[in-house]
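Close look at the chain arrangement
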Amino acid sequence: MSHRLEGEVRVAKPNDKVMALVERELVANPKISVPELMEKAKKVDPAVARMNARQFNARYPLQIKRRRGRKAGGAGVRGRRRAARIAVPGRPRRPGRVVAPRGRSEAADRDGIRRVFLRFAKDLARAEGKPEIVDLIGGVDGRVDEILRLAGGR
């Protein structure tokens, strides 16, 4: 009798021999492709043949690269993302971010932008055929300009 929960997925442990092979290959040739690594790994463990390239990459090369990055003092994926979010003085926090000028009411901008979207939705609902819909979508730049004006971007 199995005590496995419904929907539970069992993940096989990585084969140590395959892991060692992949690590050796990555040290010898860091630019080696995943399909090449898979071909070599299939000779060590036939179970690798049942994996697709994405699964193999996640189980072996990616884990080795992460481990090597940590040993080398790298920040890791989360650390790099966090470092990228650190604000730089004089630069907007996120590229492309539109910031309303000071002294302007955010609620008024929000309501104006909301009205632009609702007007667009109503126009789409009233469109009677594909040509009208295409014309509306083609004229979206005017609405984007209006939203940017409301947000203080132009």
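The structure we're discussing is the one just above.
So, here is what we can say about the structure in this document. (Residues numbered from 1 in each chain as written. Predicted model: local features only at pLDDT ≥ 70, side-chain atom pairs only at ≥ 80, totals over all residues. Heavy atoms only, no water.)

Counted under the stated rule, the structure contains six salt bridges. Between Glu23 and Arg67 there is a salt bridge whose closest N-O contact spans 3.7 Å. Within this pair, whereas Glu23 is found in helix H1 (residues 16-28), its partner Arg67 is found in helix H4 (residues 61-71), the two being separated by 44 residues in sequence. Residue Glu39 is joined to Lys42 by a salt bridge in which the shortest nitrogen-to-oxygen separation is 3.1 Å. Residue Glu39 and its partner Lys42 are both found in helix H2 (residues 34-44); the two are separated by three residues, about one turn of the helix. On the basis of relative accessible area, Glu39 is assigned to the partly exposed category, the value being 46%. (Salt bridge = Lys/Arg side-chain N within 4 Å of Asp/Glu carboxyl O. Helix = DSSP H or I, 4+ residues; strand = E, 2+ residues; numbered from the N terminus. Buried < 20%, exposed > 50% of the residue type's maximum accessible area, 1.4 Å probe, protein only.)

The first and last C-alpha atoms of H1 sit 18 Å apart over 13 residues, in line with the 18 Å expected at 1.5 Å per residue. Every buried residue of H1 is listed here: Val18, Met19, Leu21, Val22, Glu25 and Leu26. Viewed end-on, H1 has its buried residues packed into an arc of 165 degrees, placing them on one side of the element. For H1, the exposed residues lying more than 90 degrees away from the buried face are Asp16, Lys17, Arg24, Val27 and Ala28. Tucked into the core, H1 has its buried residues touching H2, helix H3 (53-59) and H4. Two or three places before Lys17, at the opening of H1, Asn15 has a side-chain oxygen 2.7 Å from that residue's backbone nitrogen. (Expected span 1.5 Å × (residues − 1). Arc of directions from axis to C-beta. Contact = heavy atoms within 4.5 Å. Polar contact = N/O pair within 3.5 Å; in protein donor to acceptor, adjacent residues only side chain to side chain.)

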